[in-house]
Amino acid sequence: MQTVEDITYLFDSRKKTAVPYRYLNETATEVNIPSSVYHKRIDYQITELGERLFENHQYITKVTIPEGVSTIGNFCFASCPSLTAVALPGTIKRIGSESFRGCHNLTIINLPEGLVSIGWYSFGHTKIKSIQFPSTVSIIGGAAFWYAEVEEVSFSKGLYQIGSQAFYGSRI
């Protein structure tokens, strides 16, 4: 592990990839995650966001995730109460369990074409009102929108599985 500009990374020198593991700036409000990080004369590509990367950061309001990131780790943004906006790239394939759970001010999430799975309790206790699933989503985990303020849902033909209580406590 090595820290570069407020982010602690796990580096894989064989694959030349880096996983942001911990964000250290407790007072930041807007975060732009880099697409790569230069470390020890090697340019490492960021292909996933680590588990618990931003968990419990109280002031973050907006996060931009770069193209190339395919996975958002479990609990990545859990309990970030000020988070209102997340820009997901078209390369996202998987949103891990409880990734945005407890982001009480998150109102909009645009799920890109190419997304395949949404983990268990991913958007629980958010203020997302409308959700449109792209045609590539095949799995929506159990309790994925548990007590979210969802009022409108548009499902795709590619949907294979909706987990138990996926929309429990929502408005649909």
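Scroll up a little and you will see the structure.
These notes cover the structure that comes with them. (Residues numbered from 1 in each chain as written. Predicted model: local features only at pLDDT ≥ 70, side-chain atom pairs only at ≥ 80, totals over all residues. Heavy atoms only, no water.)

Re the environment of A28
If you trace the backbone, A28 turns up in the loop between β3 (17-23) and β4 (30-32). With relative accessibility at 10%, the residue A28 sits in the buried group. Sequence separation between A28 and Q58 is 30 residues; the distance between their C-alpha atoms is 9.0 Å. Excluding residues within four positions of it along the chain, A28 makes contact with Y23, Y59 and I60. (Helix = DSSP H or I, 4+ residues; strand = E, 2+ residues; numbered from the N terminus. Buried < 20%, exposed > 50% of the residue type's maximum accessible area, 1.4 Å probe, protein only. Contact = heavy atoms within 4.5 Å.)

Concerning the sheet that holds strand β8 (residues 62-64)
If you trace the three strands from one edge of the open sheet to the other, you get β4-β8-β10, paired in parallel fashion. If you trace the sheet from one side to the other, it starts and ends with β4 and β10 (85-87), each paired once. On average, each strand axis in the sheet is tilted by 5° relative to the strand beside it, whichever way the strands run. As defined by bridge partners, β8 adjoins β10 across three bridges and the pair is classed as parallel. By the bridge assignment, V63 is partnered in β10 with V86. (Pairing = 2+ DSSP bridges. Axes fitted to C-alpha atoms, helices over the stretch in contact; angles between N-to-C directions.)

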